[in-house]
Amino acid sequence: MSPVKHLVSLDDISAEEVHALFERVDELLEARNSGKTVTPLRGKTLAMIFRKPSTRTRISFHVGMKELGGDSIILREDEIQIGRGETIADTARVLSRYVDGVMIRTFDPADVEGLARFGSIPVINGLTDLEHPCQVLTDLYTIRQRFPGGRGPEWTDCGIAYVGDGNNVANSWLLAAGKLGLRFSLAAPRAHPANPDIIRRARDLASASGAKIRIGNDPEEAVREAHVIYTDTWFSMGAEKARPDRLSRFEGFQVNTGLLALADPEAIVMHCLPAHRGEEITDEVMDGPQSVVFDQAENRLHVQKGILVELMANDPEEGMH
């Protein structure tokens, strides 16, 4: 019996597996667009644990399971026993006897690691304070759609600039860039850097893959001639109380028309949502012709479906043809 596969961190997935996943997503998306029903997860159930609120993660995984022929159970922290002190290890052992996979959206990465360690079913990291791998896989797929070659750069040769908080999304972007050999620039305020351990790991990965990773504090330098400008909220869940102080620290980091003008003329703008319009991004840019924000949001569904098939299907080809 093959070992159980998980998606805990982007450090756990190889470049070859990323490319294979995207080919799977292409196949699923083509079937969906042609009206073809594919059911490789018929009879399968995904448990979804939410210790943090969610819009895109919750809906995309729920709809994805239904479209693939399976089902899902939504479990809020206050509805199950981990909210009353049951251990992650015991929760993992119990869920492994009821369902076929677990997706968890939580604060502590140890929750995800514990489910993967003590359970016997696939575990998907739907978000932690440290990483957001499903989001960044979706972002990569969206860039691949927009830059397939031709007049512009190949998607793996895009210059990608992340401007804003060195948060979980920034951390996953660093790992993805190092793993895939991308050109990636991160500009974050000095008071809000990316995780130092992840920075070190990304640089180690880059030495093997040929990635070019730059980390600094100057948004204009980061976006100059970039093909992709990426931002995220300055207020991750739990940071809202520090709002006045944080706003002052992020002065100059807003993605607006002035910053966009420094990038490649055909650059795209990305945001993983939810957006605080008028803070990290302006309406003019987010609703403008270079924004792919809502294509990116839609792709959460398609990429999540690919992840589910790759991790949970007994035979990924079953029901595909």
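You'll find the structure just up there.
Below is a short write-up of the structure. What you see is a predicted model; the values in this text were computed from it and never measured.

## Some details on the sheet that holds strand β8 (residues 228–231)
Line of reasoning, step 1. The strand order β7-β6-β5-β8-β9 describes an open sheet built from 5 strands, whose pairing is parallel. Two strands in the sheet have a free side with no partner beyond their single neighbour: β7 (212–216) and β9 (268–271). Each adjacent strand pair in this sheet contributes to an overall mean axis angle of 15 degrees, direction not counted.
Line of reasoning, step 2. When strand β5 (residues 159–163) meets strand β6 (residues 183–187), the two strands line up parallel, connected through 5 bridges. In the strand pairing of β6, G159 is matched with R183.
Line of reasoning, step 3. Sheet strands touched by helix α5 (residues 133–146): β5, β8 and β9. Its angle to β9, the strand with the most contacts, is close to 165 degrees.

## So, the pattern of salt bridges
Line of reasoning, step 1. According to the stated counting rule, one finds 20 salt bridges in the structure shown.
Line of reasoning, step 2. With a shortest N-O distance of 2.5 Å, D129 and K52 are connected by a salt bridge. On the criterion of sequence distance, the pair formed by D129 in the loop between β4 (123–127) and α5 and K52 in the loop between β1 (45–50) and α2 (56–67) is long-range, its members being 77 residues apart.
Line of reasoning, step 3. Note on D129: relative accessible area 42%, which makes it partly exposed.
Line of reasoning, step 4. A salt bridge links R183 to D157; the nearest nitrogen and oxygen atoms lie 3.8 Å apart.

## Here's the deal with the packing of helix α1 (residues 15–33) against α5
In helix packing, the relevant descriptors are the interaxial angle and the interaxial distance, both defined with respect to the helix axes.
Line of reasoning, step 1. For the pair α1 and α5, interaxial distance at closest approach is 11 Å and the crossing angle is 70 degrees. Considered as vectors, α1 and α5 are oriented roughly perpendicular to each other. Both α1 and α5 take part in a crossing whose hand is right-handed. From α1, V18, L21, F22, E23, V25, D26 and L29 reach across to α5, where they touch L137, L140, Y141, R144 and Q145.
Line of reasoning, step 2. Broken down by class, the residue content of the contact of α1 with α5 amounts to 8 nonpolar, 1 polar and 3 charged.

## Quick notes on α5
Line of reasoning, step 1. In this model α5 runs 20 Å from its N-terminal to its C-terminal C-alpha over 14 residues, within 8% of the 20 Å that 1.5 Å per residue would give.
Line of reasoning, step 2. By the criterion of burial, α5 is predominantly enclosed, with 12 of the 14 residues buried.
Line of reasoning, step 3. All of the buried residues along α5 are P133, C134, Q135, V136, L137, T138, D139, L140, Y141, T142, I143 and R144.

Analysis parameters
- Residues numbered from 1 in each chain as written.
- Predicted model: local features only at pLDDT ≥ 70, side-chain atom pairs only at ≥ 80, totals over all residues.
- Heavy atoms only, no water.
- Pairing = 2+ DSSP bridges.
- Helix = DSSP H or I, 4+ residues; strand = E, 2+ residues; numbered from the N terminus.
- Axes fitted to C-alpha atoms, helices over the stretch in contact; angles between N-to-C directions.
- Contact = heavy atoms within 4.5 Å.
- Salt bridge = Lys/Arg side-chain N within 4 Å of Asp/Glu carboxyl O.
- Buried < 20%, exposed > 50% of the residue type's maximum accessible area, 1.4 Å probe, protein only.
- Parallel < 35°, antiparallel > 145°, perpendicular 65-115°, else oblique.
- Left-handed = near helix turned anticlockwise from the far one by under 90°.
- Nonpolar A, V, L, I, M, F, W, Y, C, P; charged D, E, K, R; others polar.
- Expected span 1.5 Å × (residues − 1).

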